[in-house]
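Structural characterization, general
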2 protein chains.
Amino acid sequence: MKIDAVDFFYLSMPEVTTEADGSQDALLVRVAAGGLVGFGECEAAPLPSIAAFVCPMSHGACQPVSASVLGRVINGPQDIAAIAADVAYNSMDVLQAAHTWSGIEMALWDLLGKARGEPVWRLLGYPASHPKTPYASLLFGDSAQETLARGQDALRRGFKAAKFGWGPIGRGTPAQDADHLFAAREALGPDGILLVDMGQIFGEDLARASARLDALEQARALWLEEPFHAHALQQYGELAKRCKSVKLAGGEGAHNAAMAEHLIDYGGIGFVQIDCGRIGGIGPAKQVADYALARGVTYVNHTFTSHLALSASLQPYAGLAAYTICEYPAAPKALAVAMTQNHLTPDAMGLVRAPAAPGLGMEISAAAVQQYQVAVEIRVAGRTLYASPLF
Amino acid sequence: MKIDAVDFFYLSMPEVTTEADGSQDALLVRVAAGGLVGFGECEAAPLPSIAAFVCPMSHGACQPVSASVLGRVINGPQDIAAIAADVAYNSMDVLQAAHTWSGIEMALWDLLGKARGEPVWRLLGYPASHPKTPYASLLFGDSAQETLARGQDALRRGFKAAKFGWGPIGRGTPAQDADHLFAAREALGPDGILLVDMGQIFGEDLARASARLDALEQARALWLEEPFHAHALQQYGELAKRCKSVKLAGGEGAHNAAMAEHLIDYGGIGFVQIDCGRIGGIGPAKQVADYALARGVTYVNHTFTSHLALSASLQPYAGLAAYTICEYPAAPKALAVAMTQNHLTPDAMGLVRAPAAPGLGMEISAAAVQQYQVAVEIRVAGRTLYASPLF
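Residues numbered from 1 in each chain as written. Chains lettered and ligands numbered in written order. Predicted model: local features only at pLDDT ≥ 70, side-chain atom pairs only at ≥ 80, totals over all residues.

**Considerations on the overall build of chain A**
- Looking only at helices and strands, one finds 15 helices and 13 strands in chain A.
- Here the C-alpha atoms of chain A give a radius of gyration of 20 Å, agreeing with the 21 Å that 2.2 N^0.38 yields for 391 residues.
- Structurally, chain A occupies a C-alpha span of about 60 × 45 × 45 Å along its principal axes.
- A separation of at least 24 residues holds for 74% of the contacts in chain A among residues at least 6 apart in sequence. (Helix = DSSP H or I, 4+ residues; strand = E, 2+ residues; numbered from the N terminus. Rg over C-alpha atoms; globule rule 2.2 N^0.38 Å. Contact = placed C-beta atoms within 7 Å.)

**Observations concerning the relation of the copies chain B and chain A**
- Mapping chain B onto chain A calls for a screw motion: a turn of 180 degrees about the axis and a shift of 0.0 Å along it, with 0.0 Å RMSD after fitting. Those values place the two copies in the arrangement expected of a two-fold rotation axis.
- An overlap of 100% is found between the interface residues of chain B and their copies at the interface of chain A, pointing to a shared contact surface. (Least-squares fit on C-alpha atoms with pLDDT ≥ 70 in both.)

**A short note on the pairing of strand β1 (residues 3–12) of chain B**
Residue and element names in this part refer to chain B.
- Burial of β1 is extensive: seven of the 10 residues sit out of reach of the surface.
- For β1 and strand β2 (residues 25–33), the ladder comprises nine bridges, and the chain directions are antiparallel. Considered in β2, the bridge of V6 is made with V31. (Buried ≥ 20, exposed ≤ 12 C-beta atoms within 10 Å, placed from the backbone. Pairing = 2+ DSSP bridges.)

**Topic: the packing of helix α3 (residues 77–90) of chain A against helix α4 (residues 97–116) of chain A**
All names here are of chain A.
- At a minimum axis distance of 11 Å, the contact between α3 and α4 shows a crossing angle of 170 degrees. Judged by the inter-axis angle, α3 sits roughly antiparallel to α4. Contacts between α3 and α4 involve I80, A84 and V87 from the first element and A97, W101, E105, L108 and W109 from the second.
- Here the contact of α3 with α4 is built from residues that sort into seven nonpolar, no polar and one charged. (Axes fitted to C-alpha atoms, helices over the stretch in contact; angles between N-to-C directions. Parallel < 35°, antiparallel > 145°, perpendicular 65-115°, else oblique. Nonpolar A, V, L, I, M, F, W, Y, C, P; charged D, E, K, R; others polar.)

**Topic: the interface of chain B and chain A**
- Listed per partner, the contact involves 48 residues of chain B and 49 residues of chain A.
- Elements represented by at least two residues in the side of chain B that touches chain A include exactly α1 (46–54), α4 (97–116), α11 (257–265) and β12 (376–380) of chain B.
- By residue number, the principal contributor to the side of chain B that touches chain A is β12 of chain B, which donates five residues.
- Partitioned by chemical class, the residues of the side of chain B that touches chain A number 28 nonpolar, 14 polar and six charged.

**Observations regarding the nonpolar core**
- Counting 280 residues, the largest nonpolar core has A221 and V272 of chain A together with A162, A221 and V272 of chain B as its most contacted members.
- Discounting chain neighbours no more than four positions away, the residues touching V272 of chain B are G251, A260, L263, I264, V288, A292, V297 and Y299 of chain B. (Core = buried A, V, L, I, M, F, W, Y, C linked by C-beta atoms within 7 Å.)

**Considering the sheet that holds strand β13 (residues 383–387) of chain B**
- Across the sheet, four strands lie side by side as β13(A)-β12(A)-β12(B)-β13(B); this open sheet has antiparallel pairing. In this open sheet, the two strands that pair with only one neighbour each are β13 (383–387) of chain A together with β13 of chain B. Neighbour-to-neighbour, the strand axes of this sheet turn through a mean angle of 15 degrees, independent of strand direction.
- When β12 of chain B meets β13 of chain B, the two strands line up antiparallel, connected through four bridges. Each residue of the ladder has a partner; that of I378 of chain B, found in β13 of chain B, is Y386 of chain B.
- α1 of chain B rests against β12 (376–380) of chain A together with β12 and β13 of chain B of the sheet, and its axis sits at about 40 degrees to β12 of chain B.

**Quick notes on the domain arrangement of chain A**
Residues and elements named next belong to chain A.
- Taken domain by domain, chain A consists of domain 1 (3–122 + 365–387) and domain 2 (126–338).
- Those elements giving two or more residues to the side of domain 1 that touches domain 2 turn out to be β3 (36–42), α3, α4, α5 (120–123) and α15 (366–372).
- No other element matches the eight residues that α4 contributes to the side of domain 1 that touches domain 2. (Domains from an automatic or database assignment.)

**Brief notes about the environment of T17 of chain B**
Residues and elements named next belong to chain B.
- Here T17 lies in the loop between β1 and β2.
- Using a count of 11 C-beta atoms within 10 Å as the deciding quantity, one classes T17 as exposed.
- Along the backbone, T17 and S49 are 32 residues apart, and their C-alpha atoms lie at a distance of 20 Å.

**Let's talk about helix α13 (residues 307–314) of chain A**
Residues and elements named next belong to chain A.
- Counting buried positions over the eight residues of α13 gives eight, a clear majority of the element.
- Within the sequence span of α13, burial applies to H307, L308, A309, L310, S311, A312, S313 and L314.
- Of the surrounding secondary structure, the elements contacted by the buried residues of α13 are β3, α4, α12 (282–294), β10 (298–301) and β11 (325–328).

**Quick notes on the packing of helix α6 (residues 144–156) of chain B against helix α7 (residues 174–188) of chain B**
All names here are of chain B.
- Axis separation between α6 and α7 bottoms out at 8 Å; the angle between their running directions is 25 degrees. Accordingly, the angle class assigned to the pair α6 and α7 is roughly parallel. Taken as a pair, α6 and α7 cross one another with a handedness that is right-handed. Seen from α6, the contacting residues are A144, T147, L148, G151, Q152 and L155; seen from α7, they are D179, H180, A183, A184, E186, A187 and L188.
- Considering only residue class, the contact of α6 with α7 consists of seven nonpolar, four polar and two charged. (Left-handed = near helix turned anticlockwise from the far one by under 90°.)

**A short note on the environment of A81 of chain B**
- Mapped onto the fold, A81 of chain B is located in helix α3 (residues 77–90).
- Along the chain, A81 of chain B and E105 of chain B lie 24 residues apart, while their C-alpha atoms are 9.0 Å from each other.

**Quick word on the confidence of the model for chain A**
- In this model, chain A carries a mean pLDDT of 97, and residues with pLDDT of at least 70 account for 100%.
- Among the prediction metrics, the complex's ipTM stands at 0.96, with pTM recorded as 0.97. (pLDDT = per-residue confidence, 0-100.)

**Re the pairing of strand β8 (residues 247–250) of chain A**
Residues and elements named next belong to chain A.
- Bridge count between strand β7 (residues 221–225) and β8: three bridges; the pairing is parallel. Each bridged residue has a counterpart across the sheet, and for E225 the counterpart in β8 is A249.
- Handedness of the β-α-β unit built from β8, helix α11 (residues 257–265) and strand β9 (residues 271–274) comes out right-handed. (Right-handed = clockwise from strand over helix to strand, strands pointing away.)

**Quick word on the sheet that holds strand β9 (residues 271–274) of chain B**
Residues and elements named next belong to chain B.
- Sheet architecture is open: eight strands sit in the order β10-β9-β8-β7-β6-β5-β4-β11, paired in parallel fashion. If you trace the sheet from one side to the other, it starts and ends with β10 (298–301) and β11 (325–328), each paired once. Strand-to-strand twist in this sheet, taken as the mean axis angle between neighbours without regard to direction, amounts to 25 degrees.
- Note that strand β8 (residues 247–250) and β9 share two bridges and pair parallel. Residue pairing across strands places A249 opposite F271, the latter belonging to β9.

Structure below.
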């Protein structure tokens with residue numbers, strides 16, 4: 001199958017706010033090859049990601065992503081890996097390229113699975129897709145009372161695990177944070193799984209992060225996620241040594257497998273969280289899952305957008321029965337819900353799993369794409385390099 | 001001074017080829033504040049870098065770079081650092097943001113220096129700007145004969161040091177590479193400083209890189225640059241242990257200070273090479289210079305474009321007399337030469353230094369900008385987010 005076309009659909013809610021909700025827009029990718037189409041989704045900024053696909057070449061190691069993709073032959077997983085290597089080399093100096101490529105890579109797996117009539121997790125070598133306990137991703141409330149209410153709401157909706165993040169956490173005193181943490185634990189009850197996301201709020205400040213450890217451990221948080229910048233390996237490593245029961249979690253910012261592996265090797269994390277829409281797709285995410293498995297670190301997906309992205313992010317560890325937790329967008333915006341016709345709804349036990357249908361197993365809604373699509377045109381030197389395609 | 005405007009000028013040669021020559025295009029940045037203007041240059045892909053400045057917000061941690069820059073007050077170096085921190089946080093999920101911000105940051109230092117009548121290196125705390133020995137950046141020839149001729153030409157032009165890179169190196173056998181390395185040494189004579197750049201050709205393949213060490217040491221190369229991907233810390237660290245006389249060099253791919261520091265701490269490099277057009281500008285580059293100094297690692301600039309970028313890249317280590325080598329674009333394309341009215345020409349001793357004039361000390365040529373400017377228009381949802389500005 002030859003890659004005939006790669007189309008980007010920039011979708012957005014009519015209004016986008018500064019809240020830490022990544023489901024307010026989406027960059028959907030459609031790849032056509034061999035008479036089939038596959039779909040993927042790039043996480044993060046749509047416009048720069050489109051630009052990285054269509055930009056004029058700057059030099060041999062600064063080529064647009066399109067140069068390594070269009071016209072390529074794709075008959076098996078090894079072909080996806082070969083294109084990935086070419087993108088990494090030929091677009092070495094286009095920093096955004098990893099995000100652009102991530103959505104294309106997902107779409108290639110989807111397409112390959114459809115061609116073979118197999119789910120992606122089987123193409124990855126897994127004999128089965130094991131169930132995962134979804135955790136609700138929630139934002140801390142403005143007050144501890146609001147945090148309590150949000151946690152209780154998640155529990156009512158059937159979640160046995162919840163992650164609280166962003167909002168006021170880390171911005172005030174350790175005592176104020178403790179109030180939120182104890183409220184979150186109270187909401188989930190003694191058996192609920194409590195996860196905490198600090199959203200890089202401490203930058204590289206080890207002392208401020210350390211000042212929250214006692215409350216995290218008293219509230220029996222399973223993990224402390226992203227206390228620092230994605231690159232602060234030394235600070236991660238130092239903080240990890242100071243943890244008693246709580247473990248560090250991180251990795252969503254990794255835009256290649258090596259970055260995630262460094263968080264394991266040098267940062268001492270206990271949970272590695274991978275966003276297939278950023279790390280370069282499903283292939284490098286699987287590499288990180290294997291790496292984590294060999295080192296006793298738990299792999300978890302990072303997903304805050306659509307169920308297309310959710311299906312993709314479950315594939316790399318679908319077959320690893322011991323890794324039972326998965327991030328589940330608990331309150332996505334309307335476009336993220338509407339984008340797919342089907343959804344990975346929790347079963348009677350409250351569990352979700354990567355679907356058994358071919359490819360990623362998700363049906364894209366043409367009506368939703370049309371409703372939410374943003375018109376974009378990029379012209380360079382008198383030529384139209386990009387114009388929003390019709391679905 | 002309030003930042004009133006940030007303008008991007010995308011310049012390009014009429015023809016851009018796949019050769020490893022980063023001077024074929026340029027993204028010039030002009031910042032206006034307090035009735036003054038400052039100039040900077042983003043390294044790497046212009047179109048995605050412009051897109052990262054103007055893109056619509058995706059969510060609170062995925063805002064365009066413009067959101068953290070326009071309207072900000074800039075009265076001292078601490079204001080530049082504060083804006084840098086905001087860009088890192090607010091544009092956390094816009095991968096290209098670091099490249100975009102790099103050129104703006106340079107321009108802010110230029111502007112601040114002009115406002116104070118001081119060169120940037122003095123604003124960084126250096127009492128003097130020490131001379132550096134420029135090395136010519138050359139591409140390996142297609143044959144060892146051609147490599148020899150290129151080295152001899154550099155010597156005739158007065159260079160005492162030369163770096164050979166890219167071209168066929170690493171693509172054939174170790175014996176073929178050895179022919180090139182010995183030809184390069186022959187060209188430079190016994191006293192010439194020989195530097196070698198493998199341009200990430202070995203990816204993560206330690207064995208293939210190791211197979212070149214003997215010839216590198218026999219040819220008395222001072223450094224082996226970028227044998228691996230920018231993120232291959234473990235491979236760098238392993239190869240460093242196998243080196244006897246040659247030292248590893250790397251860092252040009254760093255898009256924040258931490259990445260460069262990890263190459264020092266975990267990668268065992270002996271030379272850290274920083275491109276101010278990528279790492280986030282002059283501030284984080286100075287941070288890396290201080291970090292390197294404290295650890296016995298030599299700081300070197302990475303510059304393959306204009307003399308505006310060259311001046312910026314000399315500032316972070318201008319005052320460090322012990323660091324005597326600097327990269328010098330030996331054969332830049334016409335636009336990179338024409339972009340500035342003045343140039344950092346080697347003195348009678350063949351040495352260059354960061355200029356004593358205020359700011360970065362470079363005059364931009366309006367005629368060159370007009371001659372090489374590429375017309376770009378980006379429209380989103382019916383609004384023009386970017387149109388090439390007039391100089």
